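Coordinates in review
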Amino acid sequence: MTTKRCALGNLSAAGRSHVSRSNEREKIIISCDISFASVVEWENLWNAFRAAAKGKRGRPPAARFERDLADRLVVLQRRLRDGTYAPGAYRNFTIHEPKRRRISAAPFRDRVVHHALCNRMEPIFDARFIRDSYANRKDKGTHAAVDRLQSLAQRCRYVLRMDIVKHFPSIDHGILMTEIGRVVDDKRTLDLARAILDSGRDILAAEYEYVTFPGDDLFAPLRPRGLPIGNLTSQFWSNVYLNPFDWFVKRELRCRAYLRYVDDFALFSDDKKQLWEWKVAVMERLQRLRLTIHEPQAQVIPTRDGIPWLGFVVYPNFRRLKRRNAVKFSRRLRRNLDLYDAGQISFAELDASVSGWVNHVRYADTWGLRRHLFSQHPLPPTPSPTPRRTTRLQPLYANTKRRKQ
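What comes next is a walk through the structure.

How each quantity is defined
- Residues numbered from 1 in each chain as written.
- Predicted model: local features only at pLDDT ≥ 70, side-chain atom pairs only at ≥ 80, totals over all residues.
- Heavy atoms only, no water.
- Buried < 20%, exposed > 50% of the residue type's maximum accessible area, 1.4 Å probe, protein only.
- Helix = DSSP H or I, 4+ residues; strand = E, 2+ residues; numbered from the N terminus.
- Pairing = 2+ DSSP bridges.
- Salt bridge = Lys/Arg side-chain N within 4 Å of Asp/Glu carboxyl O.
- Patch = residues over 30% accessible without salt bridge, like charges linked within 9 Å, V, L, I, M, F, W, Y side chains within 5 Å.
- Areas by Shrake-Rupley, 256 points an atom, 1.4 Å probe, with all protein chains shown as cover.
- Expected span 1.5 Å × (residues − 1).
- Arc of directions from axis to C-beta.
- Contact = heavy atoms within 4.5 Å.
- Axes fitted to C-alpha atoms, helices over the stretch in contact; angles between N-to-C directions.
- Parallel < 35°, antiparallel > 145°, perpendicular 65-115°, else oblique.
- Nonpolar A, V, L, I, M, F, W, Y, C, P; charged D, E, K, R; others polar.

As a further point, take the pairing of strand S3 (residues 158-163). Within S3, six of the six residues are buried, leaving the element largely enclosed by the surrounding structure. Neither face of S3 is left uncovered, since the one carrying Tyr158, Leu160 and Met162 and the one carrying Val159, Arg161 and Asp163 both have all their residues buried. Here six bridges tie S3 to strand S5 (residues 264-269), and the two strands are oriented antiparallel to one another. Bridge assignment links tyrosine 158 to a residue of S5, and that residue is serine 269. Relative to strand S6 (residues 300-302), S3 is paired through three bridges, and the arrangement is antiparallel. Its bridge partner being in S6, tyrosine 158 is matched across the sheet by proline 302.

Take a look at the structure:
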């Protein structure tokens, strides 16, 4: 295998990289060396623990690990170094909002390893991603993706929005490891990535319906596939997997107005015929990644008619919340208010649920909707003796008492 290295001096223990980019249409040249030693070094494992425990130190798995933190990290480091580390079993559960999904939670020790590996790999791979890939990246995210989509809707007359069928259950392990191997040379680093990948093999098999692709043989149904939803590595590797597709759209289709968020993506143009041609090309290209789209929903529409996108309907000059989002929150709010009245949840839990939703929907034109919802379901005042704290919603409804149902 050709070694991919560069001589740029001491940049960091994570690896050395060089990026030459004049614009996104030109080829990115990156060489790197992500050593296994840098993944398992003490400082990286310590930082990985802090990242894995962030916001979870009060939960039993994180608390147990932290109780003997130094000893556990020493044991983990030794097992990684001598090759005896093996990922543990996942704990699986199902969530139903915003849609039904099977979530797989790795043991806390494995989550530390996931962070340690991503600490070293992400900076190298992130430099290879297109600018308009918005999921699970620093300074990106849902709201940035909504902002970008609206800016493109203001510039273009038509849009082709598509999404991938069963994205995480469909990701092929062989294709993913090939893509990782294009960048990572170190055998032990690749072995660790493969071990984590194998630990989630077929964990979403029940969610996947086999699809035959051109060139498949009798053994194709046995190909390892699937990334556990909930792993940090799964979110990262999803971007790695679709990165060649992103560059195909940018370079080969020459679609400059394009963005993607996980498995949702949109192409813009002033030419409807061009977008229909691009749809065919996109479907053919995704077949190489053993992926398909929801074809009936993939239609070319005028941007002025509104674009369904990440829970919103985005128009060139305004945004609305999807109706089902408002209905679900209204039901959840009523249920939480009843639980609060019954003393089954605290005010802090109620406040966190409401504030989280408001923080999301405030990125759309939802002032009237929020006023209507909270007039129908008024919030209780902050209880004493807790020091009074104004929530994001209470300034409007501080004088409104909770109505008994």
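This part takes up the pattern of salt bridges. Under the counting rule described, the total for this entry stands at 20 salt bridges. Residue glutamate 41 is joined to arginine 120 by a salt bridge in which the shortest nitrogen-to-oxygen separation is 2.4 Å. Taken as a pair, glutamate 41 in the loop between helix H1 (36-40) and helix H2 (42-53) and arginine 120 in helix H5 (residues 108-126) lie far apart in primary sequence, 79 residues in all. For glutamate 41, a relative accessible area of 23% gives the class partly exposed. Residue aspartate 246 pairs with arginine 260 through a salt bridge whose shortest N-O separation is 2.9 Å. Placement of the pair is aspartate 246 in helix H10 (residues 232-252) and arginine 260 in strand S4 (residues 258-261), with a sequence separation of 14 residues. Overall, arginine 260 belongs to the buried group, its relative accessible area being 0%. Overlapping salt bridges, with partners in common, bring together Asp172, Asp216, Arg223 and Arg290 in one network.

The next subject is a nonpolar patch on the surface. Residues Trp42, Trp46 and Val74 make up a contiguous nonpolar surface patch of roughly 270 Å² in combined accessible area. Assessed through its relative accessible area of 40%, valine 74 is described here as partly exposed.

Here helix H4 (residues 69-82) is 14 residues long and its end C-alpha atoms lie 20 Å apart, about the 20 Å a rise of 1.5 Å per residue gives. Residues of H4 that are buried: Leu69, Leu73, Leu76, Gln77 and Leu80. In a view along the axis of H4, the buried residues occupy a sector of 100°, so they form one face of it. The inward-facing, buried residues of H4 contact H1, H2, helix H3 (60-67), H5 and helix H9 (187-199). In the segment just after H4, glycine 83 is the residue with positive phi, at about 80°.

Here we take up the packing of H3 against H4. For the pair H3 and H4, interaxial distance at closest approach is 5 Å and the crossing angle is 90°. In terms of their interaxial angle, H3 and H4 are classed as roughly perpendicular. On the side of H3, the interface is formed by Arg64, Phe65, Glu66 and Arg67, while H4 contributes Leu69, Arg72 and Leu73. Of the residues contributing to the contact of H3 with H4, the split by class is three nonpolar, no polar and four charged.

In this section: the sheet that holds strand S8 (residues 312-314). Strand order in the open sheet made by the three strands is S7-S8-S9, with antiparallel pairing throughout. Two strands close off the open sheet at either side, each with one partner strand: strand S7 (307-309) and strand S9 (319-321). For this sheet the average axis-to-axis angle between neighbouring strands, irrespective of direction, equals 30°. As judged from the three bridges shared by S8 and S9, these two strands associate in the antiparallel manner. Within S9, the residue paired with valine 313 across the bridge is arginine 320. This element, helix H6 (residues 142-155), spans S7, S8 and S9 of the sheet and lies at about 165° to S7.

Taking strand neighbours across the sheet as the criterion, the four strands line up as S4-S5-S3-S6 in an open arrangement whose pairing is antiparallel. Among the strands making up the open sheet, the edge pair consists of S4 and S6. Each neighbouring strand pair of the sheet contributes to a mean axis angle of 25°, computed without reference to strand direction. Sheet topology places S4 next to S5; four bridges connect them, and they run antiparallel. Bridge pairing links tyrosine 258 to leucine 267 in S5. Strand contacts of helix H11 (residues 272-288): S3, S5 and S6, with the helix running at about 145° to S5, the strand carrying the most contacts.

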